[in-house]
Amino acid sequence: MLPTLRQLQYLKLLAEHASFSRAAEAAHVSQPALSAGVQELEKILGAPVVERTRGNVQLTAVGAEAVKRAEDVLARTEDLVEAAKNAGKPLSGRFRLGVIPTVAPFLLPAKLPSLKTAYPALRLFIREDLTPRLVAALKAGQLDAAVIALPYSAQGIDHARIGDDEILAAAPVGHVLAGAGPIPPGSLKAEDLILLEDGHCLRDQALAAFDIDPPKGEDVFAATSLHTLVQMVSSGLGVSFLPEMAVRAGLADMPGVVVRHISARAPRREIVVAWRTGSSRAAEAKLLAEALRID
């Protein structure tokens, strides 16, 4: 016997909710029905998949491996259903798209109107999140594609290019780096920097481009968004990095902020649409990349 898709779905929900009652609610079945499905799965696998204790559900080693494989099976099955529904109709129906926060507010408003005109049957669901969580959601089948920035290393993920985005420096008016012309190599120091909080790929890409170790210590400023970061620069707290698309969108248009190119060979990040390797929606993700292309 082989596990059923329903049993695999029960296990996946149990892993997500760590509770039989909440997993049953998410599956729209009774708790006894979900529990029976999990028990039947354990019989088929020949090993327990969860440890049952009062008020707590913990996956066993077999259960954790089963969840990992179940996510892939369920994602591919969902792909099959969507592909069948939309056969011959590219970019139609539901499409779940993740976008990183340093791209979403600047790329989407400019591109979504024309995308909707070109593909009127498309129902786009947007999720804004950090790259690691978007990649994990792609692999788990929770997203169909995601707009992320390279370089970023992720196995099992393919991508199509949207375009390059130059990384610029933002300094307070009156700062030594607020003069005219590109900032010379070596002028940026870790102690002068204020950055996005850890987890934002722009932070890591900018630091890597200049071979700068991130500032450390309890007194280090870290912003949760680019909008907050620009406010901090405007207040004279330090120098930071901004993506060109944000500057073009007017993010740095405020008193007290000077934007400069960084050296003659300016660092850039590559913006791409990424999808899970083997996804049946790969062709649609490529069409989406074309529609979102940066001029």
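Report on the accompanying structure. A quick note: this is a predicted structure, and the numbers were derived from the prediction, not measured.

Some thoughts on the overall build of the chain
Of regular secondary structure, the chain possesses ten helices and eleven strands. Dimensions along the principal axes, computed over C-alpha positions, put the chain at roughly 70 × 50 × 30 Å. Looking at the chain residue by residue over its 295 residues, the buried ones come to 45%. For the chain, the proportion of contacts with a sequence separation of at least 24, taken over those separated by at least 6, is 72%. For the chain, the distance from the average position of its 32 positive side-chain charges to the average position of its 33 negative side-chain charges is 6 Å.

Let's talk about the pattern of salt bridges
The full count for this structure, using the stated rule, is 13 salt bridges. Note that aspartate 129 and arginine 127 form a salt bridge whose closest N and O atoms lie 3.3 Å from each other. Given a relative accessible area of 13%, aspartate 129 falls into the buried group. Within this structure, Arg96, Asp144, Arg281 and Glu284 form a network of salt bridges that share partners.

Re helix H2 (residues 20-27)
Within the sequence span of H2, burial applies to Phe20, Ala23, Ala24 and Ala27. End-on, the buried residues of H2 take up no more than an arc of 100°, which puts them together on one face. On its buried face, H2 sits against helix H1 (5-17), helix H3 (31-45), strand S1 (50-53) and strand S2 (56-59). At the exit of H2 stands histidine 28, carrying a positive phi of roughly 60°.

Concerning the side chain of glutamate 42
Relative to the assigned elements, glutamate 42 resides in helix H3. Not counting residues within four places of it along the chain, the set of residues in contact with glutamate 42 comprises Ala47, Pro48, Val49, Val50 and Arg52.

Quick look at the nonpolar core
Counting 69 residues, the largest nonpolar core has Val147, Leu226, Phe241 and Val273 as the members making the most contacts within it. Here the element with the most residues in this core is strand S6 (residues 157-172); it accounts for seven residues. Among residues more than four places away in sequence, those in contact with valine 273 are Ala145, Ala146, Val147, Asp158, His159, Ala160, Ile162, Ala285, Leu288, Ala289 and Leu292.

Points about the packing of H1 against H2
Relative orientation of the contacting elements H1 and H2 amounts to 130°, with a least axis distance of 8 Å. Classified by the interaxial angle, the pair formed by H1 and H2 is oblique. Crossing hand, H1 versus H2: right-handed. Taking contact as the criterion, the partners of Arg6, Tyr10, Leu13, Leu14 and His17 in H1 are, on H2, Phe20, Arg22, Ala23, Ala26 and Ala27.

Brief notes about unusual backbone geometry
Cis geometry is found at the peptide bond from leucine 150 to proline 151, where omega equals 10°. Among the secondary structure elements, proline 151 is positioned in the loop between strand S5 (145-150) and S6. A positive phi angle is found at alanine 18, which is not glycine, with a value near 55°. Here alanine 18 shows up in the loop between H1 and H2.

Focus: helix H6 (residues 131-139)
Think of an α-helix as turning once every 3.6 residues; residues three or four places apart then point the same way. Three or more residues of H6 are buried, namely Thr131, Leu134, Val135, Ala137 and Leu138. Along H6, the residues classed as buried sweep out an arc of 160° about the axis, all on the same side. Within two residues after H6, glycine 141 carries a phi angle of roughly 80°, on the positive side.

Conventions we followed
Residues numbered from 1 in each chain as written. Predicted model: local features only at pLDDT ≥ 70, side-chain atom pairs only at ≥ 80, totals over all residues. Heavy atoms only, no water. Helix = DSSP H or I, 4+ residues; strand = E, 2+ residues; numbered from the N terminus. Buried < 20%, exposed > 50% of the residue type's maximum accessible area, 1.4 Å probe, protein only. Contact = heavy atoms within 4.5 Å. Lys, Arg positive; Asp, Glu negative; His and termini not counted. Charge placed at Lys NZ, Arg CZ, Asp CG, Glu CD. Salt bridge = Lys/Arg side-chain N within 4 Å of Asp/Glu carboxyl O. Arc of directions from axis to C-beta. Core = buried A, V, L, I, M, F, W, Y, C linked by side-chain atoms within 4.5 Å. Axes fitted to C-alpha atoms, helices over the stretch in contact; angles between N-to-C directions. Parallel < 35°, antiparallel > 145°, perpendicular 65-115°, else oblique. Left-handed = near helix turned anticlockwise from the far one by under 90°.

All quantities given are derived from atomic positions and should not be read as evidence of function.
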